[in-house]
Structure formats: structure tokens, C-alpha cells
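# An overview of the molecular structure
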Amino acid sequence: FVLKHAGGMLTPPLAPGPKRMEEIGECEDHIVDIQGAGWKEAAADISLTGLGWVAVTGAGTAQVKISVPKGIGVSVRPPLMPFDIWKVASK
């Protein structure tokens, strides 16, 4: 997937495509399970060391696969802004 879409769907930071992927190096997968808290609040944040985070919202259990370059830490934490999704979704 990554090599196929580098320089297209995965830009930036992967421009100029395959050459940049070689510079970044090998990726590793992490799989996390998150129990949703409903559609009105984020259940958890998936934090990527040095890159930022993604809030996960939904109902039920979600299994999320994250692929990052080796050496980038992945962790799950309580959401920093659990109710921001409601402000966006209610408009």
C-alpha cells in the first residue's frame, strides 16, 4: 500500500515518492483495540511520538492498525479533547 501510494495519496511528507520511502526506512505495524464511548465523544487518542495524535470516536470495539517508521512510538491514552467531535458533527 505505502509503496503504491507514495507520492500520490500519501503526500506530503512522502514526496518525491519511492525515493523518500527509502530515506524513511522500514515501517512497523502496531495494532490497538479501543472500546468506543459513543459518537458524541472520543474514546481515546492514539499518540505517535514526535508526530501528533489521532482521536478515535465511535461505538463498540475498534481494532486499529497503525504503520509507522521503526523507532516511532505508538501509545493509547485518554482523549485530550473528548467532546470536540460533537462540536464539529453537530453543525
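Here's a quick rundown of the structure. (Residues numbered from 1 in each chain as written. Predicted model: local features only at pLDDT ≥ 70, side-chain atom pairs only at ≥ 80, totals over all residues. Heavy atoms only, no water.)

Formed by Val32, Ile34, Ala43, Ala44, Ile46, Leu48, Val56, Ile66 and Val68, the largest nonpolar core amounts to nine residues. Counting residues per element, the ones that place at least two in this core are strand 1 (27–35), strand 2 (38–48) and strand 4 (61–69). The greatest single-element share of this core, amounting to four residues, is contributed by strand 2. (Core = buried A, V, L, I, M, F, W, Y, C linked by side-chain atoms within 4.5 Å. Buried < 20%, exposed > 50% of the residue type's maximum accessible area, 1.4 Å probe, protein only. Helix = DSSP H or I, 4+ residues; strand = E, 2+ residues; numbered from the N terminus.)

Okay, the sheet that holds strand 3 (residues 52–58) next. Strands sit in the order 3-2-5 across an open sheet of three strands; the sheet is antiparallel. This sheet does not close on itself; its edge strands, each paired only once, are strand 3 and strand 5 (74–77). The average undirected angle you get between the axes of adjacent strands in this sheet is 30°. Sheet topology places strand 2 next to strand 5; four bridges connect them, and they run antiparallel. Each bridged residue has a counterpart across the sheet, and for Asp45 the counterpart in strand 5 is Arg77. (Pairing = 2+ DSSP bridges. Axes fitted to C-alpha atoms, helices over the stretch in contact; angles between N-to-C directions.)

Moving on, we come to the environment of Ser75. Its location among the elements puts Ser75 in strand 5. Sequence separation of Ser75 and Leu48 is 27 residues, and the distance between their C-alpha atoms is 6.8 Å. Dropping the residues within four chain positions of it, Ser75 is found in contact with Asp45, Ile46 and Ser47. (Contact = heavy atoms within 4.5 Å.)

A separate point is the pairing of strand 2. In this structure, strand 2 lies alongside strand 3, joined through seven bridges in antiparallel fashion. From the neighbouring strand, Asp45 faces strand 3, where its bridge partner is Ala55. Taking the residues that link successive antiparallel strands as the turn, the strand 2-strand 3 hairpin has three residues, and the phi of Gly50 there is positive, at about 80°.

These figures capture arrangement, not role.
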